[in-house]
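In case you want the letters, here they are:
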Amino acid sequence: MLSKYKILRILILFILLGGRIIAQSNRVVSNSTERDWLDTSGMPINAHGGGILYHEGTYYWYGEYKSGKTTLLPGQNWECYRTDVSGVSCYSSKDLLNWKFEGLVLKGMPGNTHNDLHPSNVLERPKVIYNSKTKKFVMWMHIDTADYSKACAGVAVCDTPTGEFKYLGSQRPHKAMSRDQTIYKDEDGRAYQIFSSEDNATLYISELTNDYLGHKETYTRNFENKFREAPAIFKTNNKYVLVTSGCSAWNPNEAEYAIADSILGKWTVIGNPCTGKDADKTFYGQSTFILPVAGKNKYYIAMFDKWEKTDLEKSKYIWLPILIIDEGKIEIPWKDSLIIK
Ligand code: DGJ
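Nothing here was measured: the structure is a model prediction, and the numbers come from that model. (Residues numbered from 1 in each chain as written. Predicted model: local features only at pLDDT ≥ 70, side-chain atom pairs only at ≥ 80, totals over all residues. Heavy atoms only, no water.)

S.K.: Can you explain the overall build of the protein chain? Please cite residues and give values.
M.R.: For the protein chain, the helix and strand inventory stands at one helix and 26 strands. Over its C-alpha trace the protein chain gives a radius of gyration of 21 Å, about what one expects of a compact globule, namely 20 Å for 341 residues. When its C-alpha atoms are laid out on the principal axes, the protein chain stretches across 85 × 50 × 45 Å. Burial status across the protein chain gives 51% buried among its 341 residues. Nonlocal contacts in the protein chain, meaning residues at least 24 apart in sequence, comprise 50% of its contacts between residues at least 6 apart. When the accessible area of the protein chain is evaluated, it comes to approximately 16100 Å², of which 52% is carbon and sulfur surface. Each charge class in the protein chain was averaged separately, 42 positive and 39 negative side chains, and the resulting centres sit 6 Å apart. (Helix = DSSP H or I, 4+ residues; strand = E, 2+ residues; numbered from the N terminus. Rg over C-alpha atoms; globule rule 2.2 N^0.38 Å. Buried < 20%, exposed > 50% of the residue type's maximum accessible area, 1.4 Å probe, protein only. Contact = heavy atoms within 4.5 Å. Areas by Shrake-Rupley, 256 points an atom, 1.4 Å probe, with all protein chains shown as cover. Lys, Arg positive; Asp, Glu negative; His and termini not counted. Charge placed at Lys NZ, Arg CZ, Asp CG, Glu CD.)

Below you can see the structure in the form of structure tokens.
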């Protein structure tokens, strides 16, 4: 016969074990910035200002590989913190939880100071899309000099998602400055670059050529003199939804979103999508990408960087679910953790 005491112990064990199993089966990403997000080898994930490509059953997360000392460039009228260019990292995952480091798919190039990828320059916000006609993976990124005066868009290409990408060079699209940027591949296969231009005052949206390696003549100027940065875009209910940040260097500010029937505009500003504590500061993050989760209806993850401006390598990530209200109206509520469905 089991004593009452033994039964109680078994019951407690069962409850504890049960609880643990439930916790393990929850596919949770923590937005606490106390701890690093680790890759499958136990190293902190280093992919800032990044974006995710879903290709043939695998997610590929590309981002700025920030390593080494953060320095403040003297003589600027803004807080110009930077790290040397190391390159663009890539992590792969089947489940958005376990990320395998695939290495640097585009590497910094010490040696020739005139090379865009020289460590003394700036490489930010890389994004990759796949061209199903050319069967190439195309990466666009913000290329700059240390004082951010070059303001160019760089492009690289590869036959495989995990590199090594071949750098093709940089340019000012439409002879206009290009800084914070993202790229978007539409359902019809057309692709667009969205970038802060005119000294960050106006956001350009420009159609890429059919091979995605250059720009067509078509482009629009949006949010004129509104100084929007950090563009992240997705499409729902036949509406394009564009989330941007304000312009305050590495410091957090209020996000804003706009909707449009056509990607080239006209855009209607709706307001701040963030709700909850610190929503007026984008939860101390800054938008970088919006991921439609494969095979899920209306499940979008908004990805933010939480910059650590004096030690950029230590910057963290925030991932939040997007609530679709209706007609392209959205909300991004704060959550301590995101459950990956
Ligand atoms: C804000 C941008 O969003 C970042 O990508 C970076 O360029 C910083 N400015 C530099 O201060």
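Now that the structure has been shown, we can carry on.
S.K.: Describe the pairing of strand β25 (residues 330–333), and please don't skip the residues or the numbers.
M.R.: Relative to β25, strand β20 (residues 274–275) is paired through two bridges, and the arrangement is parallel. Among the inter-strand pairings, C274 is bridged to a residue of β25, identified as I332. Note that strand β24 (residues 323–324) and β25 share two bridges and pair antiparallel. When the sheet's bridge partners are listed, L323 is paired in β25 with E331. From the end of β24 to the start of β25, which pair antiparallel, there are five residues, and E327 there has a positive phi angle of about 45°. (Pairing = 2+ DSSP bridges.)

S.K.: Which residues make up the sheet that holds β20, and what are the values?
M.R.: Pairing in this open sheet of three strands is mixed, and the strands run β20-β25-β24 from one edge to the other. The two strands at the open ends of the sheet, each matched to only one other strand, are β20 and β24.

S.K.: Explain the packing of aromatic side chains residue by residue, including any values.
M.R.: Within this structure, the stated rule accounts for 21 aromatic pairs. Their ring planes at 20° and their centres at 6.1 Å tell us that Y65 and F101 sit as a pair that is stacked. With Y65 in the loop between β3 (58–64) and β4 (71–72) and F101 in strand β7 (residues 100–107), this pair connects stretches of sequence that are 36 residues apart. Take F101: its relative accessible area is 32%, and that puts it in the partly exposed class. Summarising the aromatic geometry, the rings of W250 and W307 are spaced 4.8 Å apart at their centres and angled 70° between planes, so their arrangement reads as edge-to-face. With W250 in the loop between β17 (239–245) and β18 (256–260) and W307 in the loop between β22 (300–306) and β23 (316–321), the pair connects residues that are 57 residues apart, well separated along the chain. Taken as a pair, W250 and W307 share a single burial class, namely buried. A connected cluster of aromatic rings, assembled from ring pairs, spans W37, W61, Y65, Y91, W99, F101, Y317 and W319. Seen from the ring of Y299, K341 lies directly overhead, with NZ or CZ sitting 4.6 Å from the centre. (Phe/Tyr/Trp six-rings, centres within 6.5 Å; stacked < 30°, edge-to-face > 60°. Lys NZ or Arg CZ within 6 Å of the ring centre and 35° of its normal.)

S.K.: Talk me through the site of the ligand; I want residue IDs and the actual numbers.
M.R.: With respect to spatial proximity, the complete set of residues near the ligand consists of W78, E124, R125, Y148, D180, E229, A249, W250 and Q286. One of the side-chain nitrogen or oxygen atoms of W250 is found 3.3 Å away from an oxygen atom of the ligand. Q286 is positioned with one of its side-chain polar atoms (N or O) 2.9 Å from an oxygen atom of the ligand. When the free accessible area of the ligand is taken as 290 Å², the share hidden by the protein chains comes to 97%. Broken down by class, the residue content of the shell around the ligand amounts to four nonpolar, one polar and four charged. (Near = heavy atom within 4 Å. Polar contact = N/O pair within 3.5 Å; in protein donor to acceptor, adjacent residues only side chain to side chain. Nonpolar A, V, L, I, M, F, W, Y, C, P; charged D, E, K, R; others polar.)

S.K.: Mind laying out the sheet that holds β7, listing which residues take part and the relevant values?
M.R.: Strand order in the open sheet formed by four strands is β2-β3-β6-β7, and the pairing between neighbours is antiparallel. The two strands at the open ends of the sheet, each matched to only one other strand, are β2 (48–55) and β7. Taking the axes of each pair of neighbouring strands and ignoring which way they run, one obtains an average angle of 25° across the sheet. In the sheet, β2 pairs with β3 via six bridges, with the strands oriented antiparallel. Looking across to β3, one finds that G51 is bridged to Y62. (Axes fitted to C-alpha atoms, helices over the stretch in contact; angles between N-to-C directions.)

S.K.: For unusual backbone geometry, give the residues involved together with the corresponding values.
M.R.: Omega for the peptide link from G163 to E164 comes to 5°, which places this bond in the cis form. Mapped onto the secondary structure, E164 falls in the loop between β10 (152–158) and β11 (166–171). In this structure, K266 follows G265 across a cis peptide bond, with omega equal to 15°. Positionally, K266 belongs in the loop between β18 and β19 (268–271). In this model, K175 sits at a positive phi of 60°, which is unusual for a non-glycine residue. With respect to the helices and strands, the residue K175 is situated in the loop between β11 and β12 (181–185). Judged by relative accessible area, K175 falls into the exposed class, the value being 80%. Positioned with a positive phi, Y284 is a non-glycine residue whose angle comes to about 65°. Tracing the backbone shows Y284 in the loop between β20 and β21 (286–292). A residue is classified by how much of its surface remains accessible, and Y284, at 40% relative accessible area, is partly exposed.

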